[in-house]
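The residues making up each chain are set out below.
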Amino acid sequence: MFGDSINLEIHKKVRRFHFFLKSLELKEIIDIIPSFRSCLIHFDGESTSFQKLASFIMEREPAAASVDLPEPKTYEIPVSYGGEFGPDMEFLISHLELSEDEIINIHTSVIYTVFAVGFIPGFPYLGILDRRLSVPRLETPRFKVPEGSVGIAQLQTGIYSFDSPGGWRIIGRTEKKLFNPQEAPYSLLQIGDRIRFLRL
Amino acid sequence: MIKIINSGWLSIIIDSGRYGHGAVGVPPSSALDHYAYCILNHLLGHDRDAPAIEVIGGNFALTVGADVTCAITGAKVKAFLNDQPLQPWAAFPMVKGSILKVQDVEEGFRYYVGFSGGMNLERIISSYSTNMECRFGGFKGRPLQKGDEIDFKDRKMGEPAEIPERHIPSMKPPHRLRIVEGPEISYFTPDSVKAFAEGTVFTVSSRMNRTGIRLEAKPLTFRTEADMSIISEGILPGTIQIPGDGVPIIMLHERTIGGYARIAVVAKADQDLLAHLKPGDHVLFERIGMEEAQSLWKSKQETITSFKQINRRPA
């Protein structure tokens, strides 16, 4: 755990630690899931133990400072806001007391960072959302949110990379494909990348 | 060639899992009963990551276009080869044109079917497993349907064999699951945690699928100062999350990140049982330490390895 909030400085440490872990090429590590404030390490309990692996990694951790980091990329994501593509836009307008134009202007004015990719393949958790757009999740998640839907929840915004259940408030939709299982690295967006939404 | 005559309630291609791409949200989608899957591969003389069919429900039937050895493990089923009853957890020869039929499931929920000749399928992101939600992997990214045909990889017969009764786990409810504490266990009142881990009988809800299993019982109580959700963070198969309504969800193998408090994780050695929880079953948790969980897993792995050393008995 590198901190306890959604914060770019904490996330930079997570990203660095993630690439440091990868650089160790340990066969005992089955998978790594980096997110806002931590890296989850899934290890093989047959060939090592938590204590052994943790001390091995922590001994080498000072080398993380000099690990090579890939250069983050920047993408533009065109979005159709509101209407049939943004079923929660009306809720935002009444809850936030802003007009649709104001909401779209605020949402498109920030260059977001990809803090994590997951829950489903290719879904980017993007931050940091302008506080003026912060809304709670739906009390009862939707059974199916259509692929491409752009949602917001608290200080995050994200894009549903596949049809999936979801509880974020949906304000628009993009046609940009976020995940292609046929071609590495599979996900358009990687942690640390930056994106900007464009109004269609 | 394998031809599906009836697909049961749900049948999908699985293997030991899709790992190494958790950083872009790719979940394992692996066989939910890892032990049964490993024993299936052992019975058929396969590698540890050969594709197999994971089936839920009776009314499953298939035929083969060549002589082959077939095996079934996992849930105990009432199965027939051309009306001849079959032993559970066994490998048996199937001649070209014969029909394997699973009529009913007698104990457990998911069973595994495989063939000595293997199945000619393509690995997607280094795995044969089906990701049903994202429609990739397995057989055309979807569950098997009546009429589907899958080619064998090789023309290879195996030996008939059966697994001794003592190595077939009980899948009868109530299910006792050993758990290790999770990172947000302190979000709940001590009374709630005690009840959760010592004696509360949970009932498996009908709201369950390959992503997660919801349980029903008296809701857990969050401490007044605790948040009802966390900053989204990585989760492993077997993680027990408590959403705002206080009722647990056991996460299976289709999610990499979660946003609810992680009260506990089911010990890896007991995760195979999660494949056999079905609506209405009772579940009890028992809290153990990390070291005990590690040694339980080690000894389970040793059991699997020991199978590879003993000679097969004829069936």
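The coordinates are above.
Note that the structure is predicted; figures quoted are calculated from it, not measured.

A. Structural view of the overall build of chain B. Across its full length, chain B holds three helices and 19 strands. The globule rule puts the C-alpha radius of gyration for 315 residues at 20 Å, and the 20 Å found for chain B is close to it. Along the three orthogonal principal directions, the C-alpha set of chain B runs to about 65 × 40 × 30 Å. Burial statistics for chain B: of 315 residues in total, 60% are counted as buried. For chain B, contacts bridging at least 24 residues in sequence account for 77% of all contacts bridging at least 6. When the accessible area of chain B is evaluated, it comes to approximately 13,000 Å², of which 49% is carbon and sulfur surface.

B. Region of interest: the interface of chain B and chain A. Across the boundary between the two partners, chain B contributes 37 residues, which contact 45 residues of chain A. Summing both sides of the interface, chain B and chain A together bury roughly 3,300 Å²; the carbon and sulfur share of this comes to 58%. Considering only the surface of chain B that becomes buried against chain A, Val24, Ile231 and Ile257 of chain B emerge as the three largest contributors, covering 19% of it. The tally of links between chain B and chain A comes to one salt bridge. Across the pair Arg37 of chain A and Glu233 of chain B runs a salt bridge, and its minimum N-O distance is 3.2 Å.

C. Seen up close, the side chain of Asp33 of chain B. Residue and element names in this part refer to chain B. By the secondary structure assignment, Asp33 is in the loop between β2 (10-14) and α1 (34-44). One buried charged residue, Asp33, remains without a salt bridge, the closest side chain of opposite sign being Lys300 at 5.9 Å. A polar atom in the side chain of Asp33 sits 3.3 Å from the backbone nitrogen of Tyr35. Of note is the side chain of Asp33, whose polar atom sits 2.8 Å from the side chain of His276.

D. Spotlight on the sheet that holds strand β7 (residues 149-153) of chain A. All names here are of chain A. One closed barrel accounts for seven strands, arranged β3-β10-β7-β8-β5-β4-β11; its pairing is mixed. The mean inter-strand angle of the sheet, taken between neighbouring strand axes irrespective of direction, is 40°. As paired elements, strand β4 (residues 112-117) and strand β5 (residues 124-127) share four bridges and run antiparallel to each other. Among the inter-strand pairings, Ala116 is bridged to a residue of β5, identified as Tyr125.

E. Structural detail: unusual backbone geometry. Between Gly127 of chain A and Ile128 of chain A the backbone carries a cis peptide bond, its omega angle lying at 5°. Summarising the element assignment, Ile128 of chain A is placed in the loop between β5 and β6 (142-145). Cis geometry is adopted by the peptide bond preceding Pro174 of chain B, which originates at Pro173 of chain B and carries an omega value of 0°. Residue placement: Pro174 of chain B occurs in the loop between β10 (161-162) and β11 (175-181). One non-glycine residue, Glu25 of chain A, lies in the positive phi region at around 45°. Here Glu25 of chain A shows up in the loop between α1 (8-24) and β1 (29-34). Positioned with a positive phi, Ile125 of chain B is a non-glycine residue whose angle comes to about 45°. Owing to a relative accessible area of 3%, Ile125 of chain B belongs among the buried residues under this scheme.

F. Local environment of the packing of helix α3 (residues 89-96) of chain A against helix α4 (residues 100-108) of chain A. Residue and element names in this part refer to chain A. In contact at an axis separation of 9 Å, α3 and α4 are set at 100° when each is read in the N-to-C sense. Looking at the two axes, α3 sits roughly perpendicular to α4. The residues of α4 that touch α3, namely those facing Met89, Leu92 and Ile93, are Glu100, Ile103 and Ile104. Class assignment of the residues belonging to the contact of α3 with α4 gives a composition of five nonpolar, no polar and one charged.

G. Representation of the side chain of Gln294 of chain B. Structurally, Gln294 of chain B is set in helix α3 (residues 290-309). By relative accessible area, Gln294 of chain B is classed as buried at 17%. A distance of 2.9 Å separates a polar atom in the side chain of Gln294 of chain B from the backbone nitrogen of Phe50 of chain A. Beyond its immediate sequence surroundings of up to four residues, Gln294 of chain B is in contact with Phe43, Ser49, Phe50 and Gln51 of chain A.

H. The pairing of strand β11 (residues 194-199) of chain A, seen in detail. All names here are of chain A. When strand β3 (residues 74-81) meets β11, the two strands line up parallel, connected through six bridges. Bridge assignment links Tyr75 to a residue of β11, and that residue is Ile195. Where β4 lies against β11, two bridges are found, and the strand directions are antiparallel. Note that in β11 the partner of Tyr112 across the bridge is Ile195.

I. View of the sheet that holds strand β12 (residues 202-208) of chain B. Residue and element names in this part refer to chain B. On the basis of which strands lie adjacent, the closed barrel formed by seven strands has the order β11-β18-β15-β16-β13-β12-β19 and mixed pairing. Looking at each pair of strands side by side, their axes are set apart by 40° on average, direction ignored. Sheet topology places strand β15 (residues 239-242) next to strand β18 (residues 261-266); four bridges connect them, and they run antiparallel. Paired with Ile240 across the two strands is Ala264, which belongs to β18.

J. Representation of the packing of aromatic side chains in the model. Residue and element names in this part refer to chain A. Here the structure, examined in full by the defined rule, presents 20 aromatic pairs over all chains. With a centroid separation of 5.2 Å and an interplanar angle of 25°, the aromatic rings of Phe36 and Phe115 are classed as stacked. On the criterion of sequence distance, the pair formed by Phe36 in the loop between β1 and β2 (39-43) and Phe115 in strand β4 is long-range, its members being 79 residues apart. Each of the two residues, Phe36 as well as Phe115, counts as buried. Measuring from ring centre to ring centre gives 6.4 Å for Phe179 and Tyr186, while their planes differ by 35°; the resulting arrangement is tilted. For Tyr186, a relative accessible area of 15% puts it in the buried group. Among the aromatic side chains, those forming a connected cluster through ring pairs are Phe36, Phe115, Phe119, Phe123, Tyr125, Tyr160 and Trp168.

K. View of the pairing of β15 of chain B. Here β15 of chain B shows two buried faces, one formed by Thr239 and Gln241 of chain B and the other by Ile240 and Ile242 of chain B. In this antiparallel pair of consecutive strands, β15 of chain B and strand β16 (residues 249-251) of chain B, the connection spans six residues, and Gly246 of chain B shows a positive phi of 80°.

L. Broad picture of α3 of chain A. Residues and elements named next belong to chain A. Of all the residues in α3, the buried ones are Met89, Leu92 and Leu96. Looking straight down α3, one finds that the buried residues subtend no more than 55° of arc, so they occupy a single side. Turned more than 90 degrees away from the buried face of α3 sit Glu90 and Ser94, all of them exposed. Turning to α3, the residues buried within the fold contact β3, α4, β7 and β10 (169-173). A positive backbone phi angle near 55° is found at Glu97, which sits one or two residues after α3.

Calculation notes
Residues numbered from 1 in each chain as written. Chains lettered and ligands numbered in written order. Predicted model: local features only at pLDDT ≥ 70, side-chain atom pairs only at ≥ 80, totals over all residues. Heavy atoms only, no water. Helix = DSSP H or I, 4+ residues; strand = E, 2+ residues; numbered from the N terminus. Rg over C-alpha atoms; globule rule 2.2 N^0.38 Å. Buried < 20%, exposed > 50% of the residue type's maximum accessible area, 1.4 Å probe, protein only. Contact = heavy atoms within 4.5 Å. Areas by Shrake-Rupley, 256 points an atom, 1.4 Å probe, with all protein chains shown as cover. Buried area = accessible area lost by both parts, 1.4 Å probe. Salt bridge = Lys/Arg side-chain N within 4 Å of Asp/Glu carboxyl O. Lys, Arg positive; Asp, Glu negative; His and termini not counted. Polar contact = N/O pair within 3.5 Å; in protein donor to acceptor, adjacent residues only side chain to side chain. Pairing = 2+ DSSP bridges. Axes fitted to C-alpha atoms, helices over the stretch in contact; angles between N-to-C directions. Parallel < 35°, antiparallel > 145°, perpendicular 65-115°, else oblique. Nonpolar A, V, L, I, M, F, W, Y, C, P; charged D, E, K, R; others polar. Phe/Tyr/Trp six-rings, centres within 6.5 Å; stacked < 30°, edge-to-face > 60°. Arc of directions from axis to C-beta.

Geometric descriptors of this kind do not, in isolation, establish any biological role.
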